[in-house]
Amino acid sequence: MVTSSAPGKVYLFGEHAVVYGEPAVPCAIERRARVTAREIDEGLRIHSEDLKLDGFTVEYDGDGAGRPDVDASEPLLEAAMGYVNEAVAQVRDAADVPDAGFEIRIESDIPLGAGLGSSAAVVVAAIDAATRELGVELSAEAIAERAYQVEAAVQDGEASRADTFCSAKGGAVRVEGDDCRTVEGVDNLPFVIGYDGGAGDTGALVAGVRSLREEYDFAADTVRAIGDIVREGESVLGSGDYETLGDLMDFNHGLLSALGVSSRSLDSMVWAARDAGAMGAKLTGAGGGGCIVALDDTDDALTALKYTPGCESVFRAELDTDGVRQE
Ligand code: PMV
């Protein structure tokens, strides 16, 4: 039996623009998914208690046939099972054991679908744990590539490499198309995360930006300007100049707002954090609902967000320099 864990992430800069070939800088956070894999004779057994799926235990024969009788909404269940199924397919391929059976247990303290990379963290940890269980040790890069293939398969090709690479490697990373690399020299970023309890529809939000960009040149300019913010931001990332980073985050949020992907609750959390003295604040991920990330090394933004209407939970999450690891 092997347990591995992998971190979630926030976007310091660059979501949405990354879809059009601009760079993005996601950062791993100290919130993890833990996956335990045990080899069994055949099939797949999946247990999950913390995926905001109201707790479910699934037992099925591994070919995906038949819906298990569990108390969770169909889309969430299908999504969770789709990710685990595809991850196990990658594991069988990597270890060259096409019939390997597994019992998989998933625990996660990353809210689902809220822009914090929960599915990527589960997939990365599952691939690591299950391949190790079969005696195969993959590099973080190989796990990232296989996890990306899983996300692309489950999300009909609509996946960037940002989440999976960041979760596998940890730290701050830079993703531009297929080019993924670690940003060296970043070991501390004081993130505060506000969560409105909801989630945006990533597909619809991406489609909305795509049509704005096609309709208006200034929307295309806005996407390019986000790329400029990322290029500026990465040059100050290692310096510890949080004030400049915060200003750039504020700017990035404004441009995302202009592209129509913020929401009332995200904006009010962003403003609450700024008013409390955070160095910067922006939405993270697809938007529409979910999480904001603020940069604050005091407790002020955290306290302010606790009392902000629309903010369901708030927590501090330092940059996690560790990627996937065996527990
Ligand atoms: O909400 P998340 O964490 O899945 O991030 C979506 C980020 C987008 O740039 C909007 C889409 C993508 O695949 O990069």
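The shown structure was predicted, so the numbers you read here are calculated from the model rather than taken from an experiment.

Thresholds, definitions, all that
Residues numbered from 1 in each chain as written. Predicted model: local features only at pLDDT ≥ 70, side-chain atom pairs only at ≥ 80, totals over all residues. Heavy atoms only, no water. Pairing = 2+ DSSP bridges. Helix = DSSP H or I, 4+ residues; strand = E, 2+ residues; numbered from the N terminus. Axes fitted to C-alpha atoms, helices over the stretch in contact; angles between N-to-C directions. Contact = heavy atoms within 4.5 Å. Parallel < 35°, antiparallel > 145°, perpendicular 65-115°, else oblique. Nonpolar A, V, L, I, M, F, W, Y, C, P; charged D, E, K, R; others polar. Near = heavy atom within 4 Å. Polar contact = N/O pair within 3.5 Å; in protein donor to acceptor, adjacent residues only side chain to side chain. Left-handed = near helix turned anticlockwise from the far one by under 90°. Domains from an automatic or database assignment. Buried area = accessible area lost by both parts, 1.4 Å probe. Salt bridge = Lys/Arg side-chain N within 4 Å of Asp/Glu carboxyl O.

Q: Hey, could you run me through the sheet that holds strand 9 (residues 280–283) in this one?
A: Read across the sheet, 4 strands follow the order 9-10-8-11 without closing on themselves; strand pairing throughout is antiparallel. Each having just a single partner strand, strand 9 and strand 11 (313–316) make up the two edges of the open sheet. Here the average twist between neighbouring strands, direction ignored, is 20°. Two strands pair when backbone bridges link them, and strand 9 and strand 10 (residues 291–295) are joined in this way by 4 bridges, in the antiparallel orientation. The residue of strand 10 that forms the bridge with leucine 283 is isoleucine 292. Against the sheet, helix 7 (residues 242–258) contacts strand 9 and strand 10, and its axis sits at roughly 30° relative to strand 9.

Q: Would you take a moment to explain the packing of helix 5 (residues 202–215) against helix 6 (residues 217–237) for this structure?
A: Between helix 5 and helix 6, whose axes approach to 5 Å, the crossing angle comes to 120°. Taken together, the axes of helix 5 and helix 6 lie oblique to each other. Across from Val209, Leu212, Arg213 and Glu215 in helix 5, the residues of helix 6 making contact are Asp217, Ala219, Ala220 and Val223. The class makeup of the residues in the contact of helix 5 with helix 6 is 5 nonpolar, no polar and 3 charged.

Q: I would appreciate a short explanation of the site of the ligand in the present structure.
A: Residues in close proximity to the ligand include Lys9, Tyr11, Glu15, His16, Val18, Val19, Gly115, Ser160, Asp163, Val206, Gly285 and Ala286, which together make up its full environment. Within the contact set of the ligand, an oxygen atom lies 2.9 Å away from a backbone nitrogen or oxygen of histidine 16. For the shell around the ligand, a count of residues per class yields 5 nonpolar, 4 polar and 3 charged.

Q: I would appreciate a short explanation of the packing of helix 3 (residues 140–154) against helix 4 (residues 162–169) in the present structure.
A: To characterise two packed helices, one gives the angle between the axes of the helices and the distance between these axes. Their axes nearest at 8 Å, the elements helix 3 and helix 4 cross at an angle of 150°. Relative to helix 4, helix 3 is oriented roughly antiparallel. By crossing handedness, the relation of helix 3 to helix 4 is classed as right-handed. Every residue of helix 4 that contacts helix 3 at Ala140, Glu141, Ala144, Ala147, Tyr148 and Glu151 is listed here: Asp163, Thr164, Phe165, Ala168 and Lys169. Residue composition of the contact of helix 3 with helix 4, grouped by class: 6 nonpolar, 1 polar and 4 charged.

Q: I tried to follow the domain arrangement of the protein on my own but got confused; where do I start?
A: Buried accessible area, meaning the area lost when the parts come together, often serves as the stated size of an interface. Domains assigned within the protein are domain 1 (2–184) and domain 2 (191–316). Across the boundary between the two partners, domain 1 contributes 27 residues, which contact 37 residues of domain 2. For the pair domain 1 and domain 2, the summed buried area comes to about 2700 Å², and 68% of that belongs to carbon and sulfur atoms. The largest share of the area that domain 1 buries against domain 2 comes from Phe13, His16 and Tyr20, three residues that together contribute 28% of it. In this assembly, domain 1 and domain 2 are joined by 3 salt bridges. We note a salt bridge from glutamate 234 to arginine 174, for which the minimum N-O separation is 2.6 Å. Joining domain 1 to domain 2, the criterion identifies 10 residue pairs in polar contact (both at pLDDT 80 or more).

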